[in-house]
Amino acid sequence: MNVPEQFKARMQRLLGEGYGQFIAVYGNPAVRGVRVNTLKAEAGDLLSAVPFSTDGSVPWCGEGFYTSEEKPGLYIEHAAGLYYVQEPSAMCAVPLFSDLAGKAVLDLCAAPGGKSTQLAARMRGSGILFCNEINFSRAKALSQNIERMGVKNACVTVAPPDKLAATYPACFDSVLVDAPCSGEGMFRKEEGAAAEWSEANVEMCARRQAEILESADALLRAGGELVYSTCTFAPEEDELQIERFLARHADYTLVTMHKLMPHRVRGEGHFAALLKKLKGDSFDFPPAKGNVPKSCEKLWREFEERYLFVTFGNLFMAGETLYSLPENCPAPKLQTLRAGVRLGEFVKDRFEPSHSLAMCLKRGEAPFLELGRDEARAYLGGLTFGCDRQGWAVAAYNGHPLGWVKAGGGVAKNHLPKGLRFVYN
């Protein structure tokens, strides 16, 4: 691969005698990894959730595994949300947080969702997780990953960090800033990353990161934790960025900071720092008020009584779409792609469940229609098949939901969204 000469010179100055080992890694393939979704797989079944060979666990993430599989996203188990394809070094930031269960957590620069879904797993379904992304198309991919992984307590927002800070000041216990960066740790993984690198881009990224950190400070309440991370090696974006932030904010203390380098660990490299906010303001989210018309709630309760063995509360309507908001969730004020569980839509005089609802259900919480591997592949490809049931059921593989079917007349009609249909391994 073509590594920029200016980058080589910069790294030689930074690493000195270690430079030879560092630059040699670019002659090797990128390191690949997957992280098992513990919202769906029990701790004792982590490896069985991965349908291909793995090569050891990731030291800094107990749910992470190395693999040489070139296309780990092309399996039924991936479609079922059992694991997330994630570069091993990138798994190092989220474990820096203290216990996240029950907290108000924000991933400020969240797409495509690797760290958001890792946060969600650590939260174990409690508390509220905001996943924010300024770019709408990237936010759509983020929302799909949140849905696939069966996350119930997340809101996906599309807003500039400063606007989010003005809307929810000092409301979060934990804030992650996985900052947009010059991407030096992506050179082996993405060919375009090396081509886009320049000294000027490093400087531009450092300025933008400083602005994002100011918004993160405004969003974090007193006593809260801030994790800052990048996938680059430039001191201006890493250690110096933290040093300058601390110089501006005497109310913070640095708890820990580490830098994973690709010639020293098995991974592409990552920087992460944990800071604690010692004092400042603390506010609660303004509570959302119920707004579901009685006629709509009646249709939903009829569906819930007939097809669900679990109850969803905190109902909220947006247009004709019904949501179950996370506990203490505010009414959406910003552009919001997802708020909690999207339960479904009201179409004329009936309720139609959403894919989001299916993906967050577990065996025993709804009628499951178990499929063999060939049937599951056919379902994910959009095909229908014979069925002697009546009404709605969740198509499942090994007890894990894939989406809805509606059975009648001996046929199970496929309700998998067309944009998700694909023939998997």
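A brief structural summary. (Residues numbered from 1 in each chain as written. Predicted model: local features only at pLDDT ≥ 70, side-chain atom pairs only at ≥ 80, totals over all residues. Heavy atoms only, no water.)

**Here we look at unusual backbone geometry**
Residues Ala111 and Pro112 are joined by a peptide bond in cis, for which omega reads 5 degrees. In this structure, Lys348 is a non-glycine residue whose phi angle is positive, near 55 degrees. With respect to the helices, strands and loops of the structure, Lys348 is situated in the loop between strand E15 (341-347) and strand E16 (350-353). Lys348 sits in the exposed class, given a relative accessible area of 79%. (Helix = DSSP H or I, 4+ residues; strand = E, 2+ residues; numbered from the N terminus. Buried < 20%, exposed > 50% of the residue type's maximum accessible area, 1.4 Å probe, protein only.)

**Some details on empty space enclosed by the protein**
Within this structure, the stated rule accounts for 1 cavity of 30 Å³ or more. Considering only enclosed or pocket space, the largest cavity measures out at about 60 Å³ in volume. Along the walls of the largest cavity sit Phe130, Cys155, Thr157, Tyr168, Cys329, Pro330, Pro332, Lys333, Leu334, Thr336 and Ala339, which together make up its complete lining. Classifying every residue of the lining of the largest cavity by side-chain character gives 8 nonpolar, 2 polar and 1 charged. (1 Å grid on protein atoms, 1.4 Å probe; cavity = no way out; pocket = protein on both sides within 12 Å on 5 of 7 lines; lining within 4 Å. Points joined across faces, edges and corners; volume = space filled by probe spheres on them. Nonpolar A, V, L, I, M, F, W, Y, C, P; charged D, E, K, R; others polar.)

**Here we look at the packing of aromatic side chains**
Inspection of the entire model under this criterion finds 25 aromatic pairs. Ring geometry for Phe303 against Trp404: centres 6.0 Å apart, planes inclined by 75 degrees, an arrangement best described as edge-to-face. Remark: Trp404 occurs in strand E20 (residues 400-408) and Phe303 occurs in helix H10 (residues 294-307); sequence separation between them is 101 residues. A residue is classified by how much of its surface remains accessible, and Phe303, at 5% relative accessible area, is buried. Clustering of aromatic rings is evident, with ring pairs tying together Trp300, Phe303, Tyr307, Phe312, Phe346, Phe351, Trp392 and Trp404. Over the ring of Tyr66 we find Arg266; its NZ or CZ atom is 4.0 Å from the centre of that ring. (Phe/Tyr/Trp six-rings, centres within 6.5 Å; stacked < 30°, edge-to-face > 60°. Lys NZ or Arg CZ within 6 Å of the ring centre and 35° of its normal.)

**Some points on the side chain of Ser324**
Of note, Ser324 is situated in strand E13 (residues 321-324). Within the structure, Ser324 has its side chain in polar contact with the backbone oxygen of Gly313 (distance 2.7 Å). The contacts of Ser324, once residues within four sequence positions are left out, are Phe312, Gly313, Asn314, Ala339, Gly340, Val341 and Leu343. (Polar contact = N/O pair within 3.5 Å; in protein donor to acceptor, adjacent residues only side chain to side chain. Contact = heavy atoms within 4.5 Å.)

**Remarks on the nonpolar core**
Judged by nonpolar contacts, the single largest core of 37 residues is most densely connected at Leu108, Tyr168, Phe172, Val177 and Leu226. Among the elements that take part in this core, helix H8 (residues 199-219) stands out by supplying 4 residues, more than any other. Look past the residues within four positions of Leu108 in its chain and what remains in contact with it is Asn132, Pro161, Leu164, Leu176, Val177, Ile212, Ala216 and Leu219. Val34, Leu46, Ala49 and Ile76 belong to the second-largest nonpolar core, a separate cluster that totals 30 residues. (Core = buried A, V, L, I, M, F, W, Y, C linked by side-chain atoms within 4.5 Å.)

**As for the sheet that holds strand E17 (residues 368-370)**
Sheet architecture is open: 5 strands sit in the order E17-E19-E20-E21-E18, paired in mixed fashion. Single-partner strands in this sheet number two, and they are E17 and strand E18 (385-386). When E17 meets strand E19 (residues 391-397), the two strands line up parallel, connected through 3 bridges. Bridge pairing in E19 links Leu369 to Ala395. Strands in contact with helix H12 (residues 373-380) are E17, E18, E19, E20 and strand E21 (411-414); relative to E20, the strand with the most contacts, it is inclined by about 80 degrees. (Pairing = 2+ DSSP bridges. Axes fitted to C-alpha atoms, helices over the stretch in contact; angles between N-to-C directions.)

**Points about the pairing of strand E1 (residues 32-36)**
Counting buried residues along E1, 4 of its 5 residues qualify, which places the element largely inside the surrounding structure. When E1 meets strand E3 (residues 61-67), the two strands line up antiparallel, connected through 4 bridges. Note that in E3 the partner of Arg35 across the bridge is Gly64. With 3 bridges joining them, E1 and strand E4 (residues 83-85) adopt antiparallel strand pairing. From the neighbouring strand, Val36 faces E4, where its bridge partner is Tyr83.

**Points about the sheet that holds E15**
Pairing is antiparallel across the open sheet formed by 4 strands, whose spatial order is E12-E13-E15-E16. Two strands bound the open sheet, and with one partner strand each, they are strand E12 (315-318) and E16. Here the strands of the sheet are splayed against their neighbours by 30 degrees on average, with no regard to which way each runs. In this structure, E15 lies alongside E16, joined through 4 bridges in antiparallel fashion. Counted as the bridge partner of Gly344 is Pro353 from E16.

**Describing the pairing of strand E7 (residues 154-157)**
A two-sided burial pattern is seen for E7, the buried positions comprising Ala154 and Val156 on one face and Cys155 and Thr157 on the other. As defined by bridge partners, strand E6 (residues 128-132) adjoins E7 across 4 bridges and the pair is classed as parallel. Counterpart to Leu129 in the pairing with E7 is Ala154. As for the winding sense of the linkage, the β-α-β connection from E6 through helix H5 (residues 136-148) to E7 is right-handed. (Right-handed = clockwise from strand over helix to strand, strands pointing away.)

**Some thoughts on the environment of Asn153**
Tracing the chain through its elements places Asn153 in the loop between H5 and E7. The exposure class assigned to Asn153 is buried, which follows from its relative accessible area of 4%. Dropping the residues within four chain positions of it, Asn153 is found in contact with Met123, Gly125, Ser126, Gly127, Ile128, Leu129 and Pro326. A distance of 3.1 Å separates a polar atom in the side chain of Asn153 from the backbone oxygen of Ser126.

**With respect to helix H4 (residues 114-123)**
Summarising burial for H4: 9 of the 10 residues are buried, a large majority. Taken as a whole, H4 has its buried residues at Gly114, Lys115, Ser116, Thr117, Gln118, Leu119, Ala120, Ala121 and Met123.

**With respect to the side chain of His355**
Relative to the assigned elements, His355 resides in helix H11 (residues 355-359). Beyond its immediate stretch of four places on either side in the chain, His355 contacts Glu147, Leu402, Gly403, Trp404, Leu416, Pro417 and Leu420.

**A word on H10**
Helix length check: H10, at 14 residues, gives a terminal C-alpha distance of 20 Å against a target of 20 Å (1.5 Å per residue), a fit within 8%. Listed in full, the buried residues belonging to H10 are Cys296, Trp300, Phe303, Glu304 and Tyr307. Projected down its long axis, H10 shows its buried positions confined to an angular sector of 100 degrees, all on one face. Exposed and oriented more than 90 degrees from the buried face of H10 are Lys294, Ser295, Lys298, Glu305 and Arg306. (Expected span 1.5 Å × (residues − 1). Arc of directions from axis to C-beta.)

Read these as spatial facts, not as claims about activity.
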